[in-house]
There are 2 protein chains.
Amino acid sequence: MKTRTKFSLFCALFAVLQASADESLLSDDNIKTAKSLAAIALASDHAHTLVRDLTTQVGPRLAGSDADKRAVAWAKTTLEKAGFDVVKLEPVEFPVWKRKLESARIVAPYPQKLIISSLGFSGSTNGELVAPVVSFTSLAALQDAAPEQVAGKIVFMNRQIERHINGDDYGDAAPIRYRSNTFAKEKGAKALLIRSLGTGSHRFAHTGAMTYDEFDTNLPAAALSRPDADQLERILDSGQELVLGLNLDTEQRKEGGSFNVIADIVGSEKPEEIILLGAHLDSWDVGTGALDDGVGVAIIIGTAELIASLPKRPRRTIRVVLFANEEQGGWGAKQYAKAHAAELQNHVAAAEPDLGAGRIWQFETQVPASWKSLPEELANQLSFLGIERGGNKTRGGPDLQPLKELGVPILGLNQDGTYYFDYHHTEDDTLDKIEPAALRQSVAAYVIISYLLADME
Amino acid sequence: MKTRTKFSLFCALFAVLQASADESLLSDDNIKTAKSLAAIALASDHAHTLVRDLTTQVGPRLAGSDADKRAVAWAKTTLEKAGFDVVKLEPVEFPVWKRKLESARIVAPYPQKLIISSLGFSGSTNGELVAPVVSFTSLAALQDAAPEQVAGKIVFMNRQIERHINGDDYGDAAPIRYRSNTFAKEKGAKALLIRSLGTGSHRFAHTGAMTYDEFDTNLPAAALSRPDADQLERILDSGQELVLGLNLDTEQRKEGGSFNVIADIVGSEKPEEIILLGAHLDSWDVGTGALDDGVGVAIIIGTAELIASLPKRPRRTIRVVLFANEEQGGWGAKQYAKAHAAELQNHVAAAEPDLGAGRIWQFETQVPASWKSLPEELANQLSFLGIERGGNKTRGGPDLQPLKELGVPILGLNQDGTYYFDYHHTEDDTLDKIEPAALRQSVAAYVIISYLLADME
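For clarity, every value in this text was computed on a predicted model and none was experimentally measured.

A closer look at the overall build of chain A
Logical step 1: A tally of regular secondary structure across chain A gives 14 helices and 16 strands.
Logical step 2: What you see for chain A is a C-alpha radius of gyration of 25 Å, in line with the 23 Å of a compact globule of 457 residues.
Logical step 3: Taking the principal axes of its C-alpha atoms as reference, chain A extends roughly 90 × 60 × 40 Å.
Logical step 4: Burial statistics for chain A: of 457 residues in total, 60% are counted as buried.

In structure tokens form, the structure reads like this:
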């Protein structure tokens, strides 16, 4: 190689290095501060204290219930004490459903009690309903069934979901819970039972919402625990007629509501630009909502508190949104998107932890090309926490869906959800299921991303 | 060494070997047959089919209930089909207790629902009882308390048990469940709650019996699930007054009963000499009694069926006893010892699996010195199943205690009970918790011991 050629190559390499240095969107100072906040997070159980207090002092907080009111009061007080610049409540309206009584039993051939949990928006049986069972393993099979096969019977939807780190099979099977009632009703069924959308083998039934399109006219509907669904399957496999007794009493009213609880750490230079950290404040009525989504509430409040503790506000605003009524239709999320439509163009990014309390293992995004190398740079800053870089097609938390549709960039700090659906929507969703070290790691990851986005130039 | 000395040593060694060969109590033929039966056991899921059928076709079978009657009928039919020479029912009388309704809630400072399970022989509250809580961590502390500290209150016994392969800590803590009611009542308490005697962290309360000495006059009493007990502990630790609401309704009647179900494979040479295999047929009313003690029932029936399948009966009698009402005071066991007092001297040995469905890991005994090398010889025949030799102080299954007191030799084929108390006496005691390979190994171990004892010279 000639000397001149060597020199040209050297110059070209220098230019590339220079350009990449020029293009770096994160300053050394930003990175240093973010890492020091993460170090505090990794040594602190403050977020654990938050979810401990929420689950102990409020416990289950079904949307629209008295406990939900107490949860809103707890959140307001907690955020006011936590050093936010603004704390406000924004009303959200929705229909209210309540479980009053539920029991089920095998009447024939082998009498025994079953463990069930009424599904959200379930109707009532008005005393015990006794009817034979017809079973299906998919929505398609139910849709294809002749009405005379279904009429007068209890429809049993029998599909077992499998574990997945992202909870994918739950997502795939969820339409069974949402939609079966509609199809079963069309064909003249008397009630609906589903095998719980759960991965555990413990004897908990997993509740969850059906579509509220048919609020007030739904069939009585409940989920069976896995061992109970296995029991029915064994009897059906033996070829015998299976007759069940079902007694559900629920209460429904069209008018009700709660509040989105919103708190800002107002940016020092670009206060109108917002990094949104979301979680939902409501829970189902059965467990204390430690995993769903108390831990999410704790992660985002803990993150924001760390940033608020800095001597100087970051350039942009950090906004914590505790959404109302995610569980029964994402009412708070829709209301937020509506009430804040005008400022959504200034939402720099949004993130929501709502897949339990596992460690964050992956950083996905769904951001426009204008972000250039930023996602990779952020990912680099997360790698010391054992977090991999994922792609640019993240789904994002449930309360972010209306924002995503309206173009807000979405960040996916993906929690390991392998065991989440063992506990999801059951009595067993309690504080002891949270591993403090995993929670510390999650706050560390959130604080790095949130601070860097809020303070970069 | 001189040649003569060498020769003397050789003679002495020969004598020892000869003596030990002479003393061997098990013949090669016996061992060969036992091993061939074990090989069949290790390849068969017949015992699993038995416990599947018992838990599916009967399910929970509380002593004295209609389901208990169905369990007795199931057992009789199953044993009659299984090739036994004699199948008979022997009546057992006992008081009958029944759970009708139970609920509990925190009234103050933080209202939320609690998950409880009434204890056997609990009284009723006659509507909701609302009272403050006083807590203790041991029976001694409750006994030492001043009456004015306890009077008018709900006593909360807060002792967490730990895992142990033999379930030892359960045994140590059991007096808390049996005896607290008596002491609390003496000091004027209104009701009793105990932290479940369970090792799991799932939200199941573990029921179980109190002493029936005070049947009909017991305080209302229930167990709390571990997460619920943790919740109360957190509130008490905060120094606030804790007020609970408790609503228990139970039914008690002094006259009731069931049957010991007894089946013999009659010995060909010494029919009066009996190897007794026991398990209890009753279960609590909450789970399907798969582990407690459906799997025990399956192990011993499966074992006896294998021996019955041989072309020739062994020399001695193999007796299967499915004891009535172990759970509420060992009534069947006491009745058996009474009814069979005259033949107990001919009970060669007794064994009972009642520690769940884990693999057998240890062979203990409690046998007289007259057994000489037999325990070691039996242990040698178990070693290929991964079973260690334990000592000669086995406790033995619960239904063997009256026999043990009367001098019947006891064998302890000890199951790994590390996880048993996660499920014990809860709704979660269901078929799916049984690992088929562990069950096959257990039957193999039982069949080796049973056959060798039954057929040795």
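So, next bit.
Looking at helix 4 (residues 66-81) of chain A
Residue and element names in this part refer to chain A.
Logical step 1: Between its first and last C-alpha atoms helix 4 spans 23 Å; for 16 residues at 1.5 Å apiece the expected length is 22 Å, and the two agree.
Logical step 2: Looking at the buried residues of helix 4, the elements they touch are helix 3 (46-58), strand 1 (86-93), strand 10 (257-265), helix 9 (290-308) and strand 12 (316-323).
Logical step 3: Phi for glycine 83, located one or two positions after helix 4, is positive at around 90°.

A few points about the sheet that holds strand 14 (residues 360-366) of chain A
Residue and element names in this part refer to chain A.
Logical step 1: Sheet architecture is open: eight strands sit in the order 1-10-12-11-13-16-14-15, paired in mixed fashion. The two strands at the open ends of the sheet, each matched to only one other strand, are strand 1 and strand 15 (388-389).
Logical step 2: Here strand 1 runs beside strand 10; their pairing, made up of eight bridges, is antiparallel. From the neighbouring strand, glutamate 90 faces strand 10, where its bridge partner is asparagine 260.
Logical step 3: Those strands touched by helix 4 are strand 1, strand 10 and strand 12, and its axis lies near 10° from that of strand 10.
Logical step 4: With respect to the sheet, helix 10 (residues 331-339) is in contact with strand 1, strand 10, strand 11 (270-280), strand 12 and strand 13 (347-351), its orientation differing from that of strand 1 by roughly 110°.

Observations concerning the side chain of aspartate 293 of chain A
All names here are of chain A.
Logical step 1: Relative to the assigned elements, aspartate 293 resides in helix 9.
Logical step 2: The buried charged residue aspartate 293 lacks any salt bridge partner; its closest oppositely charged side chain belongs to arginine 61, at an N-O distance of 7.6 Å.
Logical step 3: In contact with aspartate 293, other than residues within four places in its own chain, are Arg61, Ala279, His280, Asp282, Glu352, Pro353 and Asp354.

A closer look at the side chain of threonine 418 of chain B
Logical step 1: Secondary-structure assignment places threonine 418 of chain B in the loop between strand 16 (410-415) and helix 13 (420-423).
Logical step 2: Separated by 2.5 Å, the side chains of threonine 418 of chain B and aspartate 416 of chain B make a polar contact.

Some words on the environment of phenylalanine 215 of chain A
Residues and elements named next belong to chain A.
Logical step 1: Its place among the elements puts phenylalanine 215 in the loop between strand 7 (191-195) and strand 8 (221-224).
Logical step 2: Overall, the relative accessible area of 7% leaves phenylalanine 215 in the buried class.
Logical step 3: For the pair phenylalanine 215 and threonine 137, spaced 78 residues apart in the sequence, the C-alpha separation amounts to 25 Å.
Logical step 4: Those residues in contact with phenylalanine 215, other than ones at most four positions away along the chain, are Pro95, Val96, Trp97, Phe121, Gln252, Arg253 and Lys254.

Some thoughts on the packing of helix 2 (residues 28-42) of chain B against helix 14 (residues 436-455) of chain B
Residue and element names in this part refer to chain B.
Logical step 1: Between helix 2 and helix 14, the shortest axis-to-axis distance is 8 Å and the interhelical angle comes to 155°. Classified by the angle their axes make, helix 2 and helix 14 are roughly antiparallel. Note on packing geometry: the crossing formed by helix 2 with helix 14 is right-handed. Note on element contacts: helix 14 touches helix 2 through Arg440, Gln441, Val443, Ala444, Val447, Ile448, Tyr451, Leu452 and Asp455, opposite Asn30, Ile31, Thr33, Ala34, Lys35, Leu37, Ala38, Ala41 and Leu42.
Logical step 2: Its residues assigned to classes, the contact of helix 2 with helix 14 comprises twelve nonpolar, three polar and three charged.

Definitions and cut-offs
- Residues numbered from 1 in each chain as written.
- Chains lettered and ligands numbered in written order.
- Predicted model: local features only at pLDDT ≥ 70, side-chain atom pairs only at ≥ 80, totals over all residues.
- Heavy atoms only, no water.
- Helix = DSSP H or I, 4+ residues; strand = E, 2+ residues; numbered from the N terminus.
- Rg over C-alpha atoms; globule rule 2.2 N^0.38 Å.
- Buried < 20%, exposed > 50% of the residue type's maximum accessible area, 1.4 Å probe, protein only.
- Expected span 1.5 Å × (residues − 1).
- Contact = heavy atoms within 4.5 Å.
- Pairing = 2+ DSSP bridges.
- Axes fitted to C-alpha atoms, helices over the stretch in contact; angles between N-to-C directions.
- Lys, Arg positive; Asp, Glu negative; His and termini not counted.
- Salt bridge = Lys/Arg side-chain N within 4 Å of Asp/Glu carboxyl O.
- Polar contact = N/O pair within 3.5 Å; in protein donor to acceptor, adjacent residues only side chain to side chain.
- Parallel < 35°, antiparallel > 145°, perpendicular 65-115°, else oblique.
- Left-handed = near helix turned anticlockwise from the far one by under 90°.
- Nonpolar A, V, L, I, M, F, W, Y, C, P; charged D, E, K, R; others polar.

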